[in-house]
Amino acid sequence: MKTKIFGMLLLAGALSLTACDEFLTETPKHSLTTDNSVLNYSGAKNAVNGIYGVYEKYGSNLGGSLYSNLHCMAGFWTYNNEMFNMGYKQSSSSVEGYWTQLYKIINACNAAVNGINKLSDGAFPSLAEKNALLGEARCFRGYCNLELLWLFGRWFDKADSPYGILYRDQTSELSNLMVGRISVGESYRLILEDLEFAEQNAPVYKSALRMSRQFAKAMHAKLLMVRNWDGDYAKALTLVNDLLAENSGWQMETDLTKLYETGWNSKENCFSHYLGDNKDSYFGMAGSEFTYAYALFYNNEFTETVQEWLDNDVRHDVTFGTARSPETWDTSTRENVLTKLYHRGRNDGKNDMYATYPMRYAELYLMKAELLARTNPSDIAGALAPLNEMRAKYTNPVMEPITGITNHQELMDAIFKEYVVSLFMENETPWFASLRFEHDGKPWIYTLKPEVNFSTDQYCWPIPDSEIHAHSNVIEQNPGLK
């Protein structure tokens, strides 16, 4: 009975593909089903548009909430004690929402991909148009499956590890919910198949509201950097160089104030979680990003080393400021609030752009610097060049070049610091950097929170208890997290 109820809830929730009229001009006016979802070219476009509707409606945990927890895990912030101390277990309810929301979006992707594939090529204006729609949907699916692997799989294991994702490529029905875990290697293979298809076929970047081939390529490069198997760094460097050489609409926003004020409309933001037009609701857009619009006020201090870096950085006066409490009854203000994301809070600025930043253009320069440092460690000047090129592009604030680096360890520390300060609380990159970069002979995470006792088992979350118990077949939990 529990399995049946679980399946019915998943199917009912995941197949509602209604999108916001203000977001997409071609919006499905009905709930798609496996029978009527894609019957022609118009239906194919509606199915792809519907993915964004599901992301908007069911992706509330996949922005500031997610990134704040990963920053706590890294030792940058103590906002969430469970995450900072890595005390999550299978019985914890704190991670279930991320799991459920990602699979709802994947289900919408599968409805689009499978529906489009069932149509003949002649149903589309051209084969290129068919593949563009498939590329967009597969980019979304690859991205969400990558997040699942990074959060709930042992992404750091070797290829033969059995602790990969639960891979679903069919629209969810009671008959196909009981899938098992696939290996880590197979997880990477299937994710890369989607991203690589999108790199060749998805539309060229126009705005952060849609998936693009540039986003697919950037996430492909980030995957390789996080994975670090043989040859991954060299391949990632090629991908990053290709992106930097392109003359697309995706480019640096040289005024940081403008970047954060315009959010998903910024030309530097490659993709963003669109929050919808909630201006008439009580909390407005701020209601969709509780962490950014509330928690950053009452928990505005970060751990010692990181706080010092942020306070002493030239970007501080642009990214931090004075802000009012998010509560109507509390009229107090605080200094040194991370206003690049908090903005004015959900009281004074409920309709400010509380955007997410999974990948912005400046990160490409950081990635290139790290990849050059790892593939050619003796060339310190060569690795510093991308960092200083990025810094030189800013007009507000004006940034001086990084100098005085005399050895490889100083170089790696400088790149790590730049990752943290540049992308702080914006996406998952600083978390992975805390594991990938070493200081005093061990990953930075040990320096950032020396009092916490943890192991590599805590580098991922447990599969939620509800998923484990909903299966009639055995789903192996991640080691150490039962």
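Residues numbered from 1 in each chain as written. Predicted model: local features only at pLDDT ≥ 70, side-chain atom pairs only at ≥ 80, totals over all residues. Heavy atoms only, no water.

Time to look at the overall build of the chain. Secondary structure summary: the chain contains 21 helices and six strands in total. Against the compact-globule benchmark of 23 Å for 482 residues, the chain has a radius of gyration of 22 Å, which places it among compact chains. Across its three principal directions, the C-alpha atoms of the chain cover 65 × 50 × 45 Å. Looking at the chain as a whole, 61% of its 482 residues qualify as buried. By element, 48% of the accessible surface of the chain is carried by carbon and sulfur atoms, the whole surface being about 18,300 Å². (Helix = DSSP H or I, 4+ residues; strand = E, 2+ residues; numbered from the N terminus. Rg over C-alpha atoms; globule rule 2.2 N^0.38 Å. Buried < 20%, exposed > 50% of the residue type's maximum accessible area, 1.4 Å probe, protein only. Areas by Shrake-Rupley, 256 points an atom, 1.4 Å probe, with all protein chains shown as cover.)

This next bit is on the pattern of salt bridges. Applying the stated rule across the entire model yields 22 salt bridges. The partner of Arg 436 in a salt bridge is Glu 370, and the shortest N-O contact between them spans 2.6 Å. Residue Arg 436 is found in helix 19 (residues 429-436), and its partner Glu 370 is found in helix 16 (residues 362-375); the two are separated by 66 residues along the sequence. Overlapping salt bridges bring together Glu 268, Lys 340, Arg 360 and Glu 426 as one network. (Salt bridge = Lys/Arg side-chain N within 4 Å of Asp/Glu carboxyl O.)

Our focus in this paragraph is the environment of Gly 142. Looking at where Gly 142 falls in the secondary structure, it is placed in helix 6 (residues 127-152). Taking C-alpha positions, Gly 142 is 7.1 Å from Leu 192, a pair spaced 50 residues apart along the chain. Residue contacts for Gly 142: discarding those within four places in its chain leaves Ile 191, Asp 194 and Leu 195. (Contact = heavy atoms within 4.5 Å.)

To continue, consider helix 3 (residues 64-74). A turn of α-helix holds 3.6 residues, and therefore any two residues three or four places apart point the same way. Counted residue by residue, helix 3 has eleven buried out of eleven residues, so it is predominantly covered. Buried within helix 3 are the following residues: Gly 64, Ser 65, Leu 66, Tyr 67, Ser 68, Asn 69, Leu 70, His 71, Cys 72, Met 73 and Ala 74. Directly after helix 3, the chain includes Gly 75, whose backbone phi takes a positive value near 95°.

Averaged over every residue, the pLDDT of the chain is 91; the share at 70 or more is 90%. Ignoring residues within four places in sequence, the model shows residues 1-35, a span with pLDDT below 50, making 66 contacts including any to other chains. (pLDDT = per-residue confidence, 0-100.)

The next thing to look at is the layout of surface pockets. Here the second largest pocket defines a volume of roughly 250 Å³. Lining of the second largest pocket is provided by 14 residues; of these, Trp 155, Val 226, Arg 227, Asn 228 and Arg 436 occupy positions nearest its centre. Among the secondary structure elements, those contributing two or more residues to the lining of the second largest pocket are helix 8 (213-227) and helix 19. When grouped by side-chain class, the residues that make up the lining of the second largest pocket number nine nonpolar, one polar and four charged. (1 Å grid on protein atoms, 1.4 Å probe; cavity = no way out; pocket = protein on both sides within 12 Å on 5 of 7 lines; lining within 4 Å. Points joined across faces, edges and corners; volume = space filled by probe spheres on them. Nonpolar A, V, L, I, M, F, W, Y, C, P; charged D, E, K, R; others polar.)

Relative to the 38 Å expected for 26 residues at 1.5 Å per residue, helix 6 spans 36 Å between its end C-alpha atoms, a close match to the ideal helical length. For helix 6, a buried count of 23 out of 26 residues is recorded, marking the element as mostly surrounded by other parts of the structure. (Expected span 1.5 Å × (residues − 1).)

Across soluble globular proteins, nonpolar side chains have a tendency to be buried as a group. Membership of the largest hydrophobic core comes to 159 residues, with the highest contact counts inside it found for Phe 140, Trp 431 and Trp 461. Per-element accounting of this core gives the leading share, 13 residues, to helix 6. If we ignore the near neighbours within four places in the chain, the residues touching Trp 461 are Leu 66, Asn 69, Leu 70, Met 73, Met 83, Tyr 88, Val 95, Tyr 98, Leu 151, Phe 152, Asn 478 and Leu 481. (Core = buried A, V, L, I, M, F, W, Y, C linked by side-chain atoms within 4.5 Å.)

Our focus in this paragraph is the packing of helix 8 against helix 16. Interhelical geometry of helix 8 versus helix 16 gives an angle of 35° and a closest axis separation of 12 Å. Here helix 8 runs over helix 16; the crossing is left-handed. In contact with Ala 218, Ala 221, Lys 222 and Met 225 of helix 8, helix 16 contributes Glu 363, Met 367, Glu 370 and Leu 371. Residue composition of the contact of helix 8 with helix 16, by class: five nonpolar, no polar and three charged. (Axes fitted to C-alpha atoms, helices over the stretch in contact; angles between N-to-C directions. Left-handed = near helix turned anticlockwise from the far one by under 90°.)

The peptide bond linking Asn 396 to Pro 397 adopts the cis configuration, its omega dihedral lying at 0°. If you trace the backbone, Pro 397 turns up in the loop between helix 17 (380-392) and helix 18 (408-423). A positive phi angle, close to 60°, is found at Asn 228, a residue other than glycine. Locating Asn 228 in the fold gives a position in the loop between helix 8 and helix 9 (232-245).

What follows concerns the packing of aromatic side chains. For the structure on display, the rule yields 38 aromatic pairs. Within the aromatic cluster, the residues linked to one another by ring pairs are Tyr 52, Tyr 55, Phe 140, Tyr 143, Phe 215 and Phe 271. If you follow Arg 334 out to its NZ or CZ, it ends over the ring of Phe 297, 5.1 Å from the centre. For Lys 449, the ring lying beneath its charged end belongs to Phe 84, and the centroid distance is 5.2 Å. (Phe/Tyr/Trp six-rings, centres within 6.5 Å; stacked < 30°, edge-to-face > 60°. Lys NZ or Arg CZ within 6 Å of the ring centre and 35° of its normal.)

Before going further, it helps to examine the environment of Gln 90. Mapped onto the secondary structure, Gln 90 falls in the loop between helix 4 (81-84) and helix 5 (96-118). In this structure the C-alpha to C-alpha distance between Gln 90 and Asp 465, which are 375 residues apart in sequence, comes to 5.3 Å. Each residue touching Gln 90, except ones within four places of it in the same chain, is listed here: Pro 462, Ile 463, Pro 464, Asp 465, Ile 468, His 469, Gln 477, Leu 481 and Lys 482.

With that settled, the discussion passes to the packing of helix 12 (residues 304-311) against helix 18. The interhelical angle for the contact between helix 12 and helix 18, taken along N-to-C directions, is 75°, at an axis separation of 10 Å. By the angle between their directions, the pair helix 12 and helix 18 is classed as roughly perpendicular. Here Val 306, Trp 309 and Leu 310 of helix 12 lie close against helix 18, whose contacting residues are Phe 416, Lys 417, Val 420 and Val 421. Classifying every residue of the contact of helix 12 with helix 18 by side-chain character gives six nonpolar, no polar and one charged. (Parallel < 35°, antiparallel > 145°, perpendicular 65-115°, else oblique.)

A separate point is the side chain of Asn 201. Among the structural elements, Asn 201 can be located in helix 7 (residues 184-201). Of note is the side chain of Asn 201, whose polar atom sits 2.9 Å from the backbone oxygen of Phe 197. (Polar contact = N/O pair within 3.5 Å; in protein donor to acceptor, adjacent residues only side chain to side chain.)

A separate point is the state of the cysteines. By definition, a disulfide links the sulfur atoms of two cysteines through a covalent bond. The final tally for this structure, using the stated rule, is zero disulfides. The thiol of Cys 109 is not disulfide-bonded; the next cysteine sulfur, from Cys 144, is found 5.5 Å away. Its relative accessible area of 0% is what places Cys 109 among the buried residues. We classify Cys 144 as buried; its relative accessible area is 2%. (Disulfide = S-S within 2.5 Å.)

The next thing to look at is the side chain of Thr 303. Residue placement: Thr 303 occurs in the loop between helix 11 (290-298) and helix 12. Ignoring anything within four residues of it in the chain, the contact list for Thr 303 reads Gly 75, Phe 76, Trp 77, Thr 78 and Phe 84.

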